[in-house]
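Listed here are the chains, written in short residue letters.
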Amino acid sequence: MSRRTALDVSHLPTTVFGSRAPLWWGAVGIMTIEGTMFAIMAACYFYLRGGAEVWPPPDVVHPGLGITTLNLAILLVSMVPMHLVSKAAVREDLPAARRWLIVATLLMVASLALRWFILQRLTFLWNSHAYGSVVWTTAGLHTLHVITGTIENLLFITLLTRGPVEDKHMTDLRLNSLYWYFVALSWVPFYCIFFLDPGLLR
Amino acid sequence: MSVAEIEPLEDADAEDRQILERTWKHGTGLWGWLTEVHHAAIGKRIIVTALIFFALGGIEALLIRIQLARPENRLLGPDLYNEVFTTHGTTMMFLFAVPMMLGLGLYLVPLMVGTRDVAFPRLNAFSYWLYLIGGLLLYTGFFLNTGPDAGWFSYVPLAGPEYSPGKRVDVWAQMITFTEISSLAMAINLIVTIFKQRAPGMSLNRIPIFVWAMLVTSFMVVFAMPAVMLSSTMLALDRLVDTHFFNQGQGGDPLMWQHLFWFFGHPEVYIIFLPATGIVSTLLPPFARREVFGYLALVLSLVATGFMGFGLWVHHMFATGLPQLGASFFTAASIMIAIPSGTQMFCWIATLWGGRLRFQTPLLYVLGFIFTFLIGGLTGVMLAAVPLDLQVHDTFFVVAHFHYVLIGGAVFPLLGGLFYWFPKMTGRMLSETWGKVSFWLVFLGFNLTFFPLHVLGFQGMPRRVYTYLPETGWGDLNLLATIGSGVLTLGVLAYVINMLSSLVAGPPAGNDPWASDTLEWSTTSPPPPYNFQHLPTVGGRSPLWLWRDDQPVVTGLRSDRREMLATNLLDAEPDHRDILPGPTIWPLILGLGVGTTFIVGIFTPWGLPIGAVPCAIALIAWFWPRGDMDREVLKEKTLKEKKS
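Quick caveat: nothing in here was measured; it's all calculated off a predicted structure.

### Re the overall build of chain B
Point 1. Per the secondary structure count, chain B includes 19 helices and 5 strands.
Point 2. The 644 residues of chain B split such that 54% are buried.
Point 3. For chain B, the share of sequence-separated contacts (at least 6 apart) that also reach a separation of at least 24 residues comes to 80%.

### Observations concerning the overall build of chain A
Point 1. Counting secondary structure elements, chain A contains 7 helices and 2 strands.
Point 2. Listing each helix as α and each strand as β along chain A from the N terminus yields β-α-α-α-α-α-β-α-α.
Point 3. Here the C-alpha atoms of chain A give a radius of gyration of 21 Å, more than 25% beyond the 17 Å that 2.2 N^0.38 yields for 202 residues.
Point 4. Counting only C-alpha atoms and orienting by the principal axes, one finds that chain A spans roughly 75 × 45 × 25 Å.
Point 5. For chain A, buried positions account for 38% of its 202 residues.
Point 6. Put simply, 82% of the contacts in chain A that link residues at least 6 apart link residues at least 24 apart.

### Regarding the environment of Gln533 of chain B
Residue and element names in this part refer to chain B.
Point 1. With respect to the helices and strands, Gln533 occurs in the loop between helix H16 (475-505) and strand S2 (553-555).
Point 2. Residue classification places Gln533 among the partly exposed positions, given that 17 C-beta atoms sit within 10 Å.
Point 3. When the C-alpha atoms of Gln533 and Arg116 are compared, they prove to be 9.2 Å apart, with 417 residues separating the residues in sequence.
Point 4. Excluding residues within four positions of it along the chain, Gln533 makes contact with Asp16, Arg17 and Leu20.

### What about the pairing of strand S4 (residues 574-579) of chain B?
Point 1. Across 5 bridges, strand S3 (residues 563-567) of chain B lies against S4 of chain B in antiparallel orientation. Bridge pairing links Thr567 of chain B to Pro574 of chain B in S4 of chain B.

### Regarding the packing of helix H12 (residues 361-383) of chain B against helix H15 (residues 432-458) of chain B
Residue and element names in this part refer to chain B.
Point 1. Where H12 meets H15, the closest approach of the two axes is 9 Å, and the angle between their N-to-C directions is 10°. It follows from the interaxial angle that H12 and H15 lie roughly parallel. Along the contact surface, H12 presents Thr361, Leu364, Tyr365, Gly368 and Thr372, while H15 presents Glu432, Gly435, Lys436, Phe439, Phe443 and Phe446.
Point 2. Considering only residue class, the contact of H12 with H15 consists of 5 nonpolar, 4 polar and 2 charged.

### With respect to the interface of chain B and chain A
Point 1. Taken residue by residue, the interface counts 63 residues in chain B and 49 residues in chain A.
Point 2. Listed by contribution, the elements that provide at least two residues to the side of chain B that touches chain A are strand S1 (3-5), helix H6 (168-196), helix H7 (209-240), S2, S3, S4, helix H18 (607-623) and strand S5 (633-634) of chain B.
Point 3. Split into classes, the residues belonging to the side of chain B that touches chain A amount to 38 nonpolar, 13 polar and 12 charged.
Point 4. Note: strand S2 (residues 165-166) of chain A against S5 of chain B, 2 bridges, orientation antiparallel. What sits directly across from Val165 of chain A, in S5 of chain B, is Leu634 of chain B.

### Quick look at H18 of chain B
Residues and elements named next belong to chain B.
Point 1. When the terminal C-alpha atoms of H18 are compared, their 24 Å separation across 17 residues agrees well with the 24 Å that a helix rising 1.5 Å per residue should span.
Point 2. Bending of H18 peaks at approximately 30° at the position of Val613, with proline Pro614 no more than four residues after it.
Point 3. As for H18, its buried residues are in contact with helix H17 (586-601).

### Quick look at the environment of Val538 of chain B
Residues and elements named next belong to chain B.
Point 1. Here Val538 is to be found in the loop between H16 and S2.
Point 2. Judged by the 24 C-beta atoms lying within 10 Å of it, Val538 is buried.
Point 3. For the pair formed by Val538 and Arg198, sequence separation is 340 residues and the distance between their alpha carbons is 9.4 Å.
Point 4. Residues within four places of Val538 in sequence aside, it is in contact with Gly114, Ala199, Gly201, Met202, Arg206 and Pro543.

### Considering the packing of helix H4 (residues 78-113) of chain B against H6 of chain B
Residues and elements named next belong to chain B.
Point 1. Look at H4 against H6: their axes get within 10 Å of each other, and the N-to-C directions meet at 15°. Considering their axes alone, H4 and H6 lie roughly parallel with respect to each other. The way H4 lies across H6 gives a crossing that is left-handed. Contact residues: H4 offers Thr90, Phe94, Leu95, Val98, Leu102, Gly105, Leu106, Val109, Pro110 and Val113, while H6 offers Trp172, Ile176, Thr179, Ser183, Met186, Ala187, Asn189, Leu190, Thr193 and Ile194.
Point 2. Across the contact of H4 with H6, the residue classes tally to 14 nonpolar, 6 polar and no charged.

### Digging into the confidence of the model for chain B
Residue and element names in this part refer to chain B.
Point 1. The predicted model of chain B averages 93 in pLDDT, with 97% of residues at 70 or higher.
Point 2. The low-confidence segment residues 1-7, where pLDDT is below 50, has 14 contacts with residues more than four positions distant or belonging to other chains.
Point 3. This prediction of the complex comes with two scores: 0.95 for pTM and 0.94 for ipTM.

### Thoughts on the nonpolar core
Point 1. Of all hydrophobic cores here, the largest spans 207 residues; its most connected members are Ala97, Ile191, Val211 and Ile272 of chain B.
Point 2. Ignoring sequence-local partners within four residues, the contact set of Ala97 of chain B consists of Met92, Ile272, Leu406 and Ala410 of chain B.
Point 3. Within the second largest apolar cluster, 27 residues are counted, among which are Ile74, Trp100, Val146 and Trp187 of chain A.

### Some words on unusual backbone geometry
Point 1. Backbone torsion omega between Trp55 of chain A and Pro56 of chain A reads -5°, so that peptide bond is classified as cis.
Point 2. For Pro56 of chain A, the position within the fold is in the loop between helix H1 (22-50) and helix H2 (65-77).
Point 3. With an omega of -10°, the peptide bond running from Ser525 of chain B to Pro526 of chain B counts as cis.
Point 4. With respect to the helices and strands, the residue Pro526 of chain B is situated in the loop between H16 and S2.
Point 5. Of note in the backbone geometry, Arg289 of chain B takes a positive phi value of approximately 50° without being a glycine.
Point 6. Structurally, Arg289 of chain B is set in the loop between helix H8 (254-288) and helix H9 (295-308).
Point 7. Even without a glycine there, the phi angle at Asn531 of chain B is positive, about 70°.
Point 8. Tracing the backbone through its elements, the reader meets Asn531 of chain B in the loop between H16 and S2.

Here is what the cut-offs are and how they apply
- Residues numbered from 1 in each chain as written.
- Chains lettered and ligands numbered in written order.
- Predicted model: local features only at pLDDT ≥ 70, side-chain atom pairs only at ≥ 80, totals over all residues.
- Helix = DSSP H or I, 4+ residues; strand = E, 2+ residues; numbered from the N terminus.
- Buried ≥ 20, exposed ≤ 12 C-beta atoms within 10 Å, placed from the backbone.
- Contact = placed C-beta atoms within 7 Å.
- Rg over C-alpha atoms; globule rule 2.2 N^0.38 Å.
- Pairing = 2+ DSSP bridges.
- Axes fitted to C-alpha atoms, helices over the stretch in contact; angles between N-to-C directions.
- Parallel < 35°, antiparallel > 145°, perpendicular 65-115°, else oblique.
- Nonpolar A, V, L, I, M, F, W, Y, C, P; charged D, E, K, R; others polar.
- Expected span 1.5 Å × (residues − 1).
- Bend = angle between axes of the 7 residues up to and from the residue.
- Left-handed = near helix turned anticlockwise from the far one by under 90°.
- pLDDT = per-residue confidence, 0-100.
- Core = buried A, V, L, I, M, F, W, Y, C linked by C-beta atoms within 7 Å.

Put into structure tokens, the structure is as follows:
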């Protein structure tokens, strides 16, 4: 084969954002997998509920609408500083990115503390009945995500403080925010079915 | 994109090759082996590992056949028999078929789309380690008399804490979670590589059909595997910390297990089968010496099968007393999937019809596939009908059906495909004579083994019984099947010996021994660690057959770091250059960390916190920049500086 003509790509950039970046697709892939897992957990909840005569079981007392709503609100509000981190990353504005990361992380820690408090107030355990199993497992799965997100943020704060920060980390920062939106938003349906559900507010 | 004329500079080319060689060279020694991340090395490793598990699963199959050869045989007791058939099924589905297909994809896809490595090389290495640890876990359990014994789909309540005390089912459940994480990681790697790294000019309508098949398969993995990961986790939790997901007495539901398992389990069949159809569509052109007939129809059939595959799972549950409407819906859906399968079948026949056939071993396996898969497909249509399904449920008829589909439909194309790609992977040709001998032994042995099982099923022989009485009259057909399995084994042995001897003494293959049409044949055999010195561009569906003398090649990628060209999703226009990571130990450490989590998790709920520590350390070390990629380092700048 001849090598007479060439398609020169040397002028192309090495850092891009959004769906142009392979890593974006990787992150979307992970969110799809985990979104499927959350959807299946919700399906299991309704499947078990469909077969139950009394749902939730009589020993279940609502942990309090106020505290559960506050917890969700903190998660949702934490998306704002994460969005600002993402915008700072596009500008390569490292101090701003670090600042908003710290704010978001504090909110995440607050939501974890509140989550702990809510779990303490539940009147049942995972081994009490199937309802307990599905609620605890889902909450555990989601809490694991929140913990992971918090650790990731701490890692980024360390990196932005100590360096060396490479151009590619700006893409990483944006994807970290994107992933956090997913973690925060995926609690909304479970908040609704666990804590808003008319069966619990009876 | 501008296309410039360049002079062929032999000296500069040679120098460039040396630099590429240095940048991409495979590791040597033990450390090099443990830290390797390149797709060709990892892909080959997955294939070899899967073949070893195939051999182990095959030995278990032989044990099953020998045990059933005559009535009241006492070779294996009932307990060991349960372990053997469960380990056989689990091995073949989770440790052989799926990793084999994905591994073949991970080896071939980057070569077929014309790139240097997969999108996430370290993730690729991680998936291999996880798969290996999962497989070792299963067999460690098996040899310690803790092999799973509740069938490869571990139905509750049999697999629940009450009826399966001990740790056997826990080994199964944790092994599933392992291998599924690994498959998911492989699938993501394949999807992103196919989406973002195709050679310039390889728009969606020019993607090789094997690559399309791997893409659809990977999407099926993404949506199907979470179901089995969650259900196996729930089973483990039910057994370990007394949750009640499947415990009827406390509001759980055993039937939920079947729904979750088959929501994964049915797509699983297509996860194994679709790559095989991709192999068939790839093998036909070189051996029929024409382009494949009906490219669009073939691709749409793959996609349609991918969607429909998720709407059939309940046909595994017809015997559970479902509402009639539900049963009818799933019957209709199950029969409907014959449409895309049939479309593919007709396209293959049309390709053969219009071709000038070369009857070499790969084509023989394709023809063997068409014959056996037709039988398996037809018994599948029969089983989709509820009345017939209820009659033969849990009999050897079902065993015969799915072996026709899985061996005929997947292993035959795989053996043909391995024969076809062996020269590319090793640089040496296999012996055609021994290839033909092995094909005929495998083909005859297979049909001799499994055809009689249809009849035994109709006669009422249930599956998963360790023996039967002489009065049943099942002895003769069982003996025939066992003889068949011996012939089949001889065929596989002939294939393996052919491989091993050719590895040492086979004639050199050259770049393109079959006069094929896809990009992997444009580079040397075996390919250099950077795959292509200049990434190719593509001018049509059969790039090698359409190669023009002025077909441009890609230049301008740096050779002194692992650069690859990212192209856009639809038209594969050059978009940017990305830098891939080199060898690293952290994927292995992370694999060991995840392994610790799950293996300790068999015994105590503290597995998660204990395993989390090494996992976190490995992930952080993996992520932390090593500054070896020569990337631009950003300095802190305030907005004011930036403006000025």
